[in-house]
Amino acid sequence: MILISCFAGFLTVTRCGEEFDRQLSQLQEEAYTLSFQQLADRSAQVALRWESAEQAMVRYLRRNCLDEVTGSMAKLEKLAQYGDLSQFCAEVDRIRTLLAHVCDGEIPSWRNIF
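Quick caveat: nothing in here was measured; it's all calculated off a predicted structure.

**Brief notes about the overall build of the chain**
Each helix and strand in the chain was counted, giving five helices and zero strands. Reading the secondary structure of the chain in the N-to-C direction produces α-α-α-α-α. Burial status across the chain gives 38% buried among its 114 residues. Long-range pairs, those at least 24 residues apart, make up 66% of the contacts in the chain between residues at least 6 apart in sequence. Total accessible area on the chain is roughly 7000 Å²; 57% of this is exposed by carbon and sulfur atoms.

**Observations concerning helix 2 (residues 36–57)**
In a regular helix each residue adds 1.5 Å, so 22 residues correspond to 32 Å; helix 2 covers 30 Å between its end C-alpha atoms and thus fits that length. If you check which residues of helix 2 are buried, you get Leu39, Ala40, Arg42, Ser43, Val46, Ala47, Trp50, Ala53, Glu54, Ala56 and Met57.

**A look at the pattern of salt bridges**
Enumeration according to the criterion identifies five salt bridges in this entry. One salt bridge in this structure joins Asp21 and Arg96, with 2.7 Å as the shortest N-O distance. With Asp21 in helix 1 (residues 2–30) and Arg96 in helix 4 (residues 85–106), the pair connects residues that are 75 residues apart, well separated along the chain. Between Glu30 and Arg42 there is a salt bridge, and its shortest N-O distance comes to 2.9 Å. With Glu30 in helix 1 and Arg42 in helix 2, this residue pair connects regions lying twelve residues apart in the sequence. Neither Glu30 nor Arg42 differs from the other in exposure class; each is buried.

**What about the nonpolar core?**
Core analysis: the largest hydrophobic core is formed by 30 residues, its most contacted members being Leu24, Trp50, Met57, Met73, Leu76 and Phe88. Going through the elements one at a time, helix 1, helix 2, helix 3 (63–82) and helix 4 are the ones with two or more residues in this core. For this core, the element with the most residues is helix 4, which contributes nine residues. Those residues in contact with Leu76 that sit more than four places away from it in its chain are Leu24, Leu27, Ser43, Phe88, Glu91, Val92 and Ile95.

The rules behind each value
Residues numbered from 1 in each chain as written. Predicted model: local features only at pLDDT ≥ 70, side-chain atom pairs only at ≥ 80, totals over all residues. Heavy atoms only, no water. Helix = DSSP H or I, 4+ residues; strand = E, 2+ residues; numbered from the N terminus. Buried < 20%, exposed > 50% of the residue type's maximum accessible area, 1.4 Å probe, protein only. Contact = heavy atoms within 4.5 Å. Areas by Shrake-Rupley, 256 points an atom, 1.4 Å probe, with all protein chains shown as cover. Expected span 1.5 Å × (residues − 1). Salt bridge = Lys/Arg side-chain N within 4 Å of Asp/Glu carboxyl O. Core = buried A, V, L, I, M, F, W, Y, C linked by side-chain atoms within 4.5 Å.

Next up, the structure:
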């Protein structure tokens, strides 16, 4: 039963991490092509999707790791509205790094177990 739970957690976290890495990468590419309002709307959509994914991931991960990502996701919409594209792209990079760290911590390896 424990192994099944660990495997389910690993799959959930990995799937969510890959999905959001792809969405954030696309958002970063669109930063210089969309209008500020369109970018803010897309950022809000990604943040909304993150909130539902976070509810699934919180079963397997500590809340503080996910709260950092949530806080950064919340900043994206306002940064896009203000037109601060360099800070927007930096925040997207930060979120992608945080997600990679969270997903890396769930990989069943000797380093993570011991």
